[in-house]
Every structure is written in C-alpha cells, then in structure tokens.
Amino acid sequence: MGMIGGSLDAFIGAVHRRGAALDGEIDLVCGAFSSNPEKSKATGEALYLPENRVYGSFEEMILKEKELPEGERMDFVSIVTPNHVHFPAAKMALENGFHVVCDKPVTLTMEEAKELKVVIEKTGLIFCLTHNYTSYPMVKEARHLIKTGQLGDIRKIIVEYPQGWLIDLVEASGNKQASWRTDPARSGAAGAMGDIGTHAENMIEYVTGLHITELCADLTIYVEGRLLDDDGNVLIHYNNGAKGILHASQICNGEENDFNFRIYGTKAGIQWHQMEPNTLILKARNEPAKYLRTGVGNLSRHAQVHSRQPAGHPEGYVETFASVYRNFAFAVRALWEGKEVDPDFDFPGIDEGIMGMAFINNVLASAKSEGKWTKFVV
C-alpha cells in the first residue's frame, strides 16, 4: 500500500493504517503523506519507511513507484485526504495501473464521480470506498435478516447520526479536522450532510437493499460564521413504499458519535447503535426483544466472517476499516489469480460513491426549493 494524505497530525490516516495492517494482508511501503514535503518526510520517518519511498506529492509517488519492479512497487494507493484531492489522485493512480482505496465521499462533485467510474471500468482495476460502518458484524446480520425476509416487508426506517463536536466555530481556532470539513473548496457543497449524512444514506441502502425515490430536506447553519450546513433533517420515500427519516447533525450538544438505525417491517423490527456495535436488537409483536450478539449463536456466515474475536471481546471502529481493507485485498488477490470473489467478503465501491454524491445533490436541491419534495435523480 502507498498512502496519499494521512500525516502525523491527521486523524483518519492513522485509522486507515491500523485497519489495513490488522489482518496481515497489507504492508505500508510508501507514502505522500502531505502536500507539505517536509511534513510528508517527517511522517515517513515516524512510520519507519525508507527515505526514498517517501514522496513530496502524490504525482511524484505514482510516477516513481510505477518505475519500480513489480514485486517491489506498491500494489494500490489509499487516499485519505480532504475531499477535493480524491478525484485527481484516484484518477492518476488508476491510469498508471494502481488499484485504489478512497475515503468518502468519493469526490467533490457528481461529474467527477461519474468520470471516475468510466476510468475504473476502462482500466479494469479495483476501487474501494471506505464506508466502514457497514462492516460491523451485526450490520451484516441486519442485512441478512432483511434479505432473508425475517422482517417482512419494510415499512418504516429511522436513521440518525448526531455529533456535537461542531457546536462552536472550532474551525476558526485552527482545528484541522473542522477547517477542511467546513470549507466548500475542500469539502464540497455540503457540510454535515456530506460528512456524515452520506454514511447514514449508505447504511440504509446497504442494509435494506432499498433505494430513495424522493426526499424532502431541511438544512440549517446554526453556528454563525460557518459556510456549510451543520444540521439536517430529511424525509424519504423508498422504492418499495417504505418511508424514512434521516437526521444528521454536528451541533447536538454532548453527543459523541451516536450513529444508529431502527428498521420496522411487517414481521419484526431491528435496532442498532454504533456506540454499542456488538448488539443488534430484534423486536416482534407479543414477543420479548431478542438481543443478538457478535460471536454468539447461529449468526449468518456474512456476520461470522467479519468477526475476529470470541464472544464478549468487543470489536469496534478500527476493525471495520480492517474488514474493508482485508476484503479489498482478497479481491485484488482473486483478480491476480483469476478466481471468483467470495460475495460474503464485500466492500463498497464506485456505485456507492455515486449514490452518495446523488444524495448530497438531491438534499441540497430540496433544501433550496420551494416545493421541497424532490424526485431523486442520480
């Protein structure tokens, strides 16, 4: 793996590195860790990389790595930069023969996302998008329950992603994570809805298999001086007739990272919280609630292959990244060896990225419109 972005003072880069290393399938061999060459060099030193494999830009890294022998050069790039760098870095890597893992949202605009899909299809290389939350074992089990009809016909969906870390104008105080996430030039046209709302949209589509047909959105900038939305509420109609509520906010005072969903069907309902990720609650009328636990009982194979520890040993956030990277590595190996990919070792790709960009665009269009209800256009 070669990494683009993720210097020592970046939060998500370290998470990606830990996740990629966890299963022993991937080694970090090079990096262009910052647009500042000195910062990139310092990061490489801290990660014990050879000096000649630490680069001052992603362009330099891609071109110089391409010149190395096949067994020595990187096999893929991991892009963990602010959003505006995703497209040029991914496009250049693919066009020079390297597979890509990219943080979300996939690009800055829908036009870039669709162009990137063309490049992926043309090169035949593998592209992975790190919507990591869908890799929790009990999220896999929730998908299995719905797919096998154990909830019946889905009628009601509630998905929430409240955070409180942007309750004040922290971007004005030099907070690196806040400064680029609230900057339209680096983050894109949406704030909270782009950063965490896309996780909520992706989660529901993944777990239920349903697609949005129309939505009605209300976005707010609560903190004076902020340029992008920090709170949003969306009513959603799905293609099977189900109706949903999606709430994403970064100004919910006191909240940490309480990503959660409740999904109700004609036979049963389920409930899951990211902050207690090893528990999935199954509810049905006139029956006691059942607490399904990671590693306990006769869970689906899909859940089992995404669990690493014996029951009662908590698995969490870093493990979700590990599953994404491991499954991606398996797919690359399968491509090299001409083998079929095991469908239980799944991961998000460019289509999920395009749906995320479509979600952002439709939410923004609805929020600005007078009629509010907006037909979902991809």
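On a predicted model such as this, the values are computed, not experimentally measured, just so you know.

So, the layout of surface pockets
Which parts of space are left empty comes out when a probe the size of a water molecule is rolled across the atoms.
Right, on to step 1. Empty space within the largest pocket amounts to approximately 940 Å³.
Right, on to step 2. Taken together, 45 residues make up the lining of the largest pocket; nearest its centre are I12, V80, Q177, W180 and R181.
Right, on to step 3. Looking at the lining of the largest pocket, the elements with two or more residues in it are α1 (11-21), α7 (176-181), α9 (192-208) and α11 (317-337).
Right, on to step 4. Residue contributions to the lining of the largest pocket peak at five residues, all from α7.
Right, on to step 5. Here the second largest pocket is characterised by a volume of approximately 330 Å³.

Remarks on empty space enclosed by the protein
Right, on to step 1. Across all of its chains, the model carries four cavities of 30 Å³ or more by this definition.
Right, on to step 2. Roughly 50 Å³ of internal volume is contained in the largest cavity.
Right, on to step 3. Together, L166, R181, T182, G191, A192, D195, R226, L228, D229 and Q250 line the largest cavity.
Right, on to step 4. In terms of residue class, the lining of the largest cavity is made up of three nonpolar, three polar and four charged.
Right, on to step 5. Counted as a void, the second largest cavity has a volume near 40 Å³.
Right, on to step 6. Lining the second largest cavity we find S135, Y136, P137, N278, H306, R308, E315, G316, E319, T320 and S323.
Right, on to step 7. Ranked by residue count, the leading element in the lining of the second largest cavity is α11, at three residues.

Description of the pattern of salt bridges
Right, on to step 1. Evaluation of the coordinates by the stated rule reveals 19 salt bridges.
Right, on to step 2. The residue E160 makes a salt bridge to R262 at a minimum N-O spacing of 3.3 Å. A residue pair is termed long-range when its members are at least 10 positions apart, and E160 in strand β6 (residues 154-162) and R262 in strand β10 (residues 260-265) qualify at 102 residues.
Right, on to step 3. One salt bridge in this structure joins D342 and R301, with 2.8 Å as the shortest N-O distance. With D342 in the loop between α11 and α12 (350-368) and R301 in helix α10 (residues 301-304), the pair connects residues that are 41 residues apart, well separated along the chain.
Right, on to step 4. Judged by its relative accessible area of 43%, R301 is partly exposed.
Right, on to step 5. Three or more residues joined by partner-sharing salt bridges are found here, namely D9, K39 and K176.

Calculation criteria
Residues numbered from 1 in each chain as written. Predicted model: local features only at pLDDT ≥ 70, side-chain atom pairs only at ≥ 80, totals over all residues. Heavy atoms only, no water. 1 Å grid on protein atoms, 1.4 Å probe; cavity = no way out; pocket = protein on both sides within 12 Å on 5 of 7 lines; lining within 4 Å. Points joined across faces, edges and corners; volume = space filled by probe spheres on them. Helix = DSSP H or I, 4+ residues; strand = E, 2+ residues; numbered from the N terminus. Nonpolar A, V, L, I, M, F, W, Y, C, P; charged D, E, K, R; others polar. Salt bridge = Lys/Arg side-chain N within 4 Å of Asp/Glu carboxyl O. Buried < 20%, exposed > 50% of the residue type's maximum accessible area, 1.4 Å probe, protein only.

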